[in-house]
Amino acid sequence: MLNRKLGVVDLSKGKIEIQEVSESLRKALLGGRGFNSYYLWNMVPEGIDPLSPENVLIFGAGFLTGTLAPSSGRFNVSAKSPETGFLGDTNCGGFFAPELRYAGFDRLILKGKAEKPSYIYVEDGAIEIRDAQDYWGLDTLDVQKAFRKDLGQVEMAVCGVAGENLVRYACIRTGIKNAGGRTGMGCVMGSKNIKAIVAQGTIGIEIAHPEEMLKTVEELKDYIMKSKITPILGSVGTPLLYEVSNAFGGIRTKNSQLNAWSDDFNASEVEKFVEKMISCSSCFVHCRHRNTLGGEGPEYTALGLLGSNIGMEKLEDCIKMQNQVNDLGLDVSSTGTYLAWATELFEKGLIDEKVTGGIDLSFNDFETYTKLIDMISRREGFGDILAEGQWAAEKLNDPNRDYLIAVKGLPQSDPHDVRYMKAFALGIATSSRGADHLRSRPTLEIFFKLPPDVRNKIYGAEIANNPITLDTKEHVVSWSENIFATIDCLGMCKFICHGFNSPHFVDYDWMLRLINAASGWDYTDAQLRAVGPRVIDIERLFNMKHGLTKAHDTLPKKYFDDPSPLKVAKGHHIDREEFAKALDRFYEVKGWTPQGKVKDDRIAELEAIA
Amino acid sequence: MRIKVKLLKPFSDIAGKDEMDLDFEGENIQNALDGLCELYPNLRKELFNEKGDVDFNINIFINDKPMTAEDDTTTNLSEGDILLIFMPVAGG
């Protein structure tokens, strides 16, 4: 359990070091996202170009990854982001991360740049840098098939054509659809000439107290399966969210010019394209779909961002596009957001065919979007401009990004229009990697019937039982950030995290039982609860080292200035003054200065971690 | 009283339809939910907890306005109101 190693691969020198990891560091950060952020903070020099060899790229499995712990097959990939210039970090499921641990490693850090296309091969305690010439140019599905054909039943994390061509929002993929989607980590792979990390392992993970682990997992399984939420996630999956959000006018539509869309994207329609439900490693929720059009999904994100957000009227077209985006190795959220951005700019006359190279952009134009997605992945014509993501703002005649739904340069991850649910808005404004719901989404805000005493007990403060106020929501967001960061460090899925989908599920007590059974530690509740805030502060320090200021903790202009036009959310927007006050309160809850900086004594404490 | 009821999954699967006109005896939300459960008895254990209260995992919108924890099920409805019943989930 605690004997997995750190592999440091210097691609420029072709040198590989295998290092032990101290127990004190494990106890401070557990694994996964926490370790990745810690190494980034310490290893990435200030001011570097994210696409230069000075950037480092880290693949790190969670503390419980590869064990029986439910939904624990996850890992994080982290680097300085080429899409934002700030923290790059993405969390991914599938089967790769357990295999990396079975091969003897918790984590790989890639430094420098390989001279030629290469891949990293990891097997039973050994790491090799191998020639990837035969695999270069293949999309994400074909390359995985090719590796399996050549190397047997390996697991891998790969980049697609988009990563090779340095599209700034290229993703990392394992399997057909599992994506380390956010912040352009596939682009960093491409910049280092790395096509894949391929793992094969036979080293079992020793559990300190196997009987206690089995007992805990059995009890936890029963507890999770009793929830009313679990069977829905397992039978319908995330498409249910589309109609939930749409019900009150919370669906990003046509670049947030509207906030509700057609019922033709409801789960009952998606179901017609579902072949079967499948799962990631060690998961009994099985929330993912295999679709009948040759891919997996669509998730809620694809329904929104490659559906309503670009005005699609036909569900089949949306699914075809998400399959295409997945094959090419692009991030669904960013791709859908940038396409919508460009389309609105074209329709408003801010750009014309001179900029687009003769392409006539309009919402719901499946043929043009399909062509453009391919051009983005190959950096051809107008696709080369859009491949720059938010950095194309000047060329798109929107220098202040007034029409882009992004925070800290990162397009919003999910399709939820946050003008009504105010805590959601504060969450995406303050997230360490930009506009992202998976850092702090306090879904319990939608549980309108949750009794106030239950809500207050969860968040440890008196919370306004009203989704349309920012009052007290600093507690809700901060609490959520902390527990989500902790579960990311464990490598467990947020779908079963307390506070994400249910007021039940895996809370700190369950985490503690799993950690101690697996490791044999006598880890305490206080030690566990200190991990999340530590990770958040380290990420804040990384971002500030790379130029982040208080001004970056903000929202897209439209969310402030354009009230939602439809449904319950009609008339709702984020008031700038109220938001500024909420941000001040949020910093106070975090223990940061009024300028959003981590205080000196805390920095000294974090610098002492070793 | 006659109102319109819209159900999202999984409730629509249990009822076999996602939209219906509901005639029920009485005038408030509780009466409407009881009427609905008389037509589709399997909905009762999904909508209510062991104490007989509406489960907090359930969201009810009345004419597009959410019913909150402070709202009582004795809240009166009007002829033609639209009741939307669903379960909130998150994800991406």
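Counting from 1, residues in each chain are numbered in the order their sequence is written. Lettering of chains starts at A and numbering of ligands starts at 1, both following the order in which they are written. Two thresholds apply to this predicted model, a pLDDT of at least 70 for residue-level local features and 80 or more for giving and counting side-chain atom pairs, whereas whole-chain, interface and lining totals are computed over all residues.

## Focus on the overall build of chain A
Line of reasoning, step 1. Think of it this way: any DSSP run of H or I at least four residues long counts as a helix, any run of E at least two long counts as a strand, and we number them from the N terminus. Across its full length, chain A holds 24 helices and 16 strands.
Line of reasoning, step 2. The size measure is the radius of gyration over C-alpha atoms, and the globule rule it meets is 2.2 Å times the number of residues to the 0.38 power. Scaling as 2.2 N^0.38, a compact globule of 610 residues should have a C-alpha radius of gyration of about 25 Å, and chain A matches this with 22 Å.
Line of reasoning, step 3. Across its three principal axes, chain A shows a C-alpha extent of roughly 60 × 60 × 50 Å.
Line of reasoning, step 4. Counting other C-beta atoms within 10 Å of a residue's own tells you its class, since 20 or more makes it buried, 12 or fewer makes it exposed, and anything in between is partly exposed; those C-beta atoms are placed from the backbone. Counting the 610 residues in chain A, one finds 61% classified as buried.
Line of reasoning, step 5. Within chain A, counting contacts between residues at least 6 apart in sequence, those at least 24 apart form 70% of the total. Our contact criterion uses C-beta atoms placed from the backbone: two residues qualify when those atoms are within 7 Å.

## Re the confidence of the model for chain B
Line of reasoning, step 1. Values of pLDDT, which run from 0 to 100, indicate the predictor's confidence residue by residue. Looking at chain B as a whole, the pLDDT averages 90, with 98% of positions reaching at least 70.
Line of reasoning, step 2. In the predicted complex, the global pTM is 0.97; the interface-specific ipTM is 0.88.

## Concerning the nonpolar core
Residues and elements named next belong to chain A.
Line of reasoning, step 1. One finds Ile120, Met156, Ala196, Ile197, Val198 and Leu330 to be the most contacted residues of the largest nonpolar core, which totals 217 residues.
Line of reasoning, step 2. If one sorts the elements of this core by residue count, helix H19 (residues 473-490) sits on top with 9 residues.
Line of reasoning, step 3. Each residue touching alanine 196, except ones within four places of it in the same chain, is listed here: Tyr119, Ala132, Tyr135, Val143, Phe147, Met156, Ala157 and Val158. Here a nonpolar core is just a set of buried residues of the types Ala, Val, Leu, Ile, Met, Phe, Trp, Tyr and Cys, joined wherever their C-beta atoms sit within 7 Å.

## Concerning the domain arrangement of chain A
Residue and element names in this part refer to chain A.
Line of reasoning, step 1. According to the domain assignment, chain A contains domain 1 (5-200), domain 2 (233-407) and domain 3 (417-607).
Line of reasoning, step 2. A domain assignment, automatic or from a database, supplies the domain bounds used here. Centre-to-centre, using C-alpha coordinates, domain 1 lies 27 Å away from domain 3.
Line of reasoning, step 3. Contact residues are listed per partner, giving 37 residues for domain 1 and 31 residues for domain 3.
Line of reasoning, step 4. When residues of the side of domain 1 that touches domain 3 are traced back to their parent elements, those giving at least two are helix H1 (23-29), helix H2 (32-43), strand E4 (75-80) and strand E5 (87-92).
Line of reasoning, step 5. In terms of residue count, the dominant contributor to the side of domain 1 that touches domain 3 is H2 (7 residues).
Line of reasoning, step 6. By the convention adopted, Pro, Cys, Tyr, Trp, Phe, Met, Ile, Leu, Val and Ala count as nonpolar, Lys, Arg, Asp and Glu as charged, and the other residues, Gly among them, as polar. Here the residues of the side of domain 1 that touches domain 3 are counted per class, giving 15 nonpolar, 15 polar and 7 charged.

## Some words on the sheet that holds strand E1 (residues 2-7) of chain B
Across a sheet, paired strands are connected by hydrogen bonds in the backbone, their directions being either parallel or antiparallel.
All names here are of chain B.
Line of reasoning, step 1. For two strands to pair, DSSP has to find at least two bridges joining them. Strands sit in the order E2-E1-E5-E3-E4 across an open sheet of 5 strands; the sheet is mixed. For this open sheet the edge positions go to strand E2 (19-23) and strand E4 (65-66), each flanked by a neighbour on one side alone.
Line of reasoning, step 2. Bridge count between E1 and strand E5 (residues 82-86): 4 bridges; the pairing is parallel. Pairing of valine 5 across the sheet is with leucine 83, part of E5.
Line of reasoning, step 3. Fitted lines through C-alpha atoms serve as axes, helices being fitted only where they are in contact, and the angles separating the N-to-C directions of these axes extend from 0 to 180 degrees. Helix H2 (residues 29-39) rests against E1, E2 and E5 of the sheet, and its axis sits at about 110 degrees to E2.

## Looking at the sheet that holds strand E6 (residues 105-111) of chain A
All names here are of chain A.
Line of reasoning, step 1. Pairing is mixed across the open sheet formed by 6 strands, whose spatial order is E2-E1-E6-E3-E4-E5. Each having just a single partner strand, strand E2 (15-19) and E5 make up the two edges of the open sheet. Across the sheet, the axes of successive neighbouring strands diverge by a mean angle of 15 degrees, strand direction being ignored.
Line of reasoning, step 2. In terms of strand pairing, E4 meets E5 through 6 bridges, oriented antiparallel. Bridge pairing in E5 links asparagine 76 to asparagine 91.

## Side note on the interface of chain A and chain B
Line of reasoning, step 1. With 36 residues of chain A at the interface, the matching set in chain B holds 25 residues.
Line of reasoning, step 2. Contributing elements (two or more residues each) for the side of chain A that touches chain B: helix H8 (229-235), helix H9 (240-247), helix H10 (267-270) and helix H11 (300-305) of chain A.
Line of reasoning, step 3. It is H9(A) that provides the largest number of residues to the side of chain A that touches chain B, a total of 5 residues.
Line of reasoning, step 4. Class assignment for the residues of the side of chain A that touches chain B results in 21 nonpolar, 8 polar and 7 charged.

## Focus on the pairing of strand E1 (residues 5-10) of chain A
All names here are of chain A.
Line of reasoning, step 1. Alignment of E1 against E6, held across 6 bridges, turns out to be parallel. Looking at the pairing, leucine 6 lines up with arginine 107 of E6.
Line of reasoning, step 2. Examined bridge by bridge, E1 and E2 share 5 bridges and lie antiparallel to one another. Looking at the pairing, valine 9 lines up with isoleucine 16 of E2.
Line of reasoning, step 3. Taking the residues that link successive antiparallel strands as the turn, the E1-E2 hairpin has 4 residues, and the phi of glycine 14 there is positive, at about 65 degrees.

## Details of unusual backbone geometry
Residues and elements named next belong to chain A.
Line of reasoning, step 1. A cis amide bond links glycine 297 with the next residue in sequence, proline 298, at an omega value of 10 degrees.
Line of reasoning, step 2. Tracing the sequence through the fold places proline 298 in the loop between strand E14 (288-291) and H11.
Line of reasoning, step 3. Positive phi is not limited to glycine here, since arginine 379 has a value of about 55 degrees.
Line of reasoning, step 4. Given 18 C-beta atoms within 10 Å, arginine 379 falls into the partly exposed group.
Line of reasoning, step 5. Of note in the backbone geometry, arginine 401 takes a positive phi value of approximately 60 degrees without being a glycine.
Line of reasoning, step 6. Under the C-beta neighbour-count criterion, arginine 401 is labelled partly exposed, with 16 such atoms within 10 Å.

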